[in-house]
Amino acid sequence: MSIVIKPFLFLLLILAVLTAQEMSFARTPADRYLSVRALGMGNAYTPIAKNTEALFFNPANLASNNGVNLTALKFHLGVDGVEAASDAKNFKSDIAQTIRQFYGKEIWVGAGALSGISFPNFAFAVYDSANINGILSNPALPTFSVDVVNDYGGALGFGFELVPGFKWGLSAKKIWRFGGSMDVPVSSLATLDDQIIRQQLENHGNGYSLDTGLAFTVPTLVKPTLSFTVRDVGNTKFALTKGLHAPPTDKQEMIAGISLEIPGPLMTITPVLEGRYLDDTSLTLGQKINAGLEVQLPALALRGGFHQGYWTAGVGMNLGILMLDVASYGVEMGEYPGQKEDRRYVLELTIDFGYDYSSGSFLGLNKENRSRLKQRR
């Protein structure tokens, strides 16, 4: 799947170089794998992620799988600043004029795909995820900073209930990473060509990552769940296989969360609160706190929350054999929450099937909520 994404990577990169802003890169680390459902609810997700998504958020939740779930395809595409594409159409041969036109703007482009299957206590997935950032920095000597990362690999994990209500899980990934960072002085943009870009950014490497997590659910009406996850245990480093520099390292991250599952007439309300980057002392408290809420209806899910101090919103729609999710969220590009927001928009299409052991029936999307409705009836 990476072979499909890469031809578009450099086209997007050129757009990233030409649409930039006077800022340094965000201090908050980037998420390499995105869930549009999570982003709609403030990216607070580790207590409730299920099936193949638990591999990336909290493998302990694999112990909660009730049947077989096949994710034939999960594809997402995201951009920031919907006007960026129209601005790019106005590109002029005068580079200086183009820079003045795009000055003060930030661009982010993300895309990814996943296929996988989950069983009780176990899941496996293959995935591809690409992210591009382009930013103008250093006002004294204007320089474009470009960051490109494309991951593709496989993930597998397991989770078990050690004692009633208390679950533990482990997931491992083999990752092939392509990309890197590049600083381009504005003065050299006129002579910059695709070959130079490739020499700086076409770095290849591979590595192994390990995530572990805990979850404890109190068996009451609203099912409060406490979770604790460690991502990229001991840091995930990549051995250089091609290029000039090893691809960037993913630093270890500790996450604690709490969620409720509040039943109501024909709906379920799920609030989530999460603290991220607990082991990173360089970030402010506001950059570490995420909060979200989901109202799950039979064919529709409404979501909202706060991420790095900015509002998020999302909608999930059950279209029969398909699931469509959209979300908007903000990312802090400055040193503290509220300084500089980058507003992003993402869309995700999922083809998902499941088999429910308890009823012996095949279920399409939204199967968890359908099971709850059936139990209430």
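Residues numbered from 1 in each chain as written. Predicted model: local features only at pLDDT ≥ 70, side-chain atom pairs only at ≥ 80, totals over all residues. Heavy atoms only, no water.

Before going further, it helps to spend a moment on the overall build of the protein. Across its full length, the protein carries eight helices and 17 strands. Within the span of the protein, comprising 377 residues, buried residues form 50% of the whole. Within the protein, residue pairs in contact and separated by at least 24 positions form 63% of the contacts whose partners lie at least 6 positions apart. Accessible surface for the protein amounts to roughly 16,600 Å². Of this, 66% is attributable to carbon and sulfur atoms. (Helix = DSSP H or I, 4+ residues; strand = E, 2+ residues; numbered from the N terminus. Buried < 20%, exposed > 50% of the residue type's maximum accessible area, 1.4 Å probe, protein only. Contact = heavy atoms within 4.5 Å. Areas by Shrake-Rupley, 256 points an atom, 1.4 Å probe, with all protein chains shown as cover.)

A separate point is the nonpolar core. If you look at soluble globular proteins, the nonpolar side chains tend to sit buried side by side. Ranked by size, the top nonpolar core spans 20 residues in total, and within it Tyr45, Leu55, Phe56, Phe57 and Leu114 carry the most contacts. Put simply, the parts of the chain that give this core at least two residues each are helix H3 (54-57) and strand E3 (122-137). Dropping the residues within four chain positions of it, Phe57 is found in contact with Tyr33, Ser35, Ala38, Asn43, Tyr45, Thr46, Ala49, Thr229 and Arg231. Leu34, Val36, Leu39 and Met333 belong to the second largest nonpolar core, which has nine residues in total. (Core = buried A, V, L, I, M, F, W, Y, C linked by side-chain atoms within 4.5 Å.)

In this section: the pairing of strand E7 (residues 225-231). The buried fraction of E7 is high, at five of seven residues. As defined by bridge partners, strand E6 (residues 204-217) adjoins E7 across six bridges and the pair is classed as antiparallel. Directly across from Thr217, in E7, lies its bridge partner Thr225. Relative to strand E9 (residues 253-259), E7 runs antiparallel, the two being bridged by seven bridges. Residue pairing for E9: Thr225 is matched across the bridge by Ser259. (Pairing = 2+ DSSP bridges.)

This part is about the side chain of Thr312. Topologically, Thr312 is positioned in strand E14 (residues 310-318). A polar side-chain atom of Thr312 sits 2.9 Å from the main-chain carbonyl oxygen of Gly40. Once you skip the residues sitting within four places of it in the chain, Thr312 turns out to touch Leu39, Gly40, Met41, Gly42, Gly304, Gly305, Phe306, His307, Ser328 and Tyr329. (Polar contact = N/O pair within 3.5 Å; in protein donor to acceptor, adjacent residues only side chain to side chain.)

Below, the discussion takes up unusual backbone geometry. Positive phi, normally seen in glycine, also occurs at Lys223, with a value near 45°. With respect to the helices and strands, the residue Lys223 is situated in the loop between E6 and E7. According to the relative accessible area criterion, Lys223 is partly exposed, its value standing at 41%. Phi at Leu266 is positive, roughly 60°, even though this residue is not glycine. Its location among the elements puts Leu266 in the loop between strand E10 (262-264) and strand E11 (267-275). Classification of Leu266 by relative accessible area gives exposed; the value is 52%.

Note that all results are geometric; they support no functional claim without further evidence.
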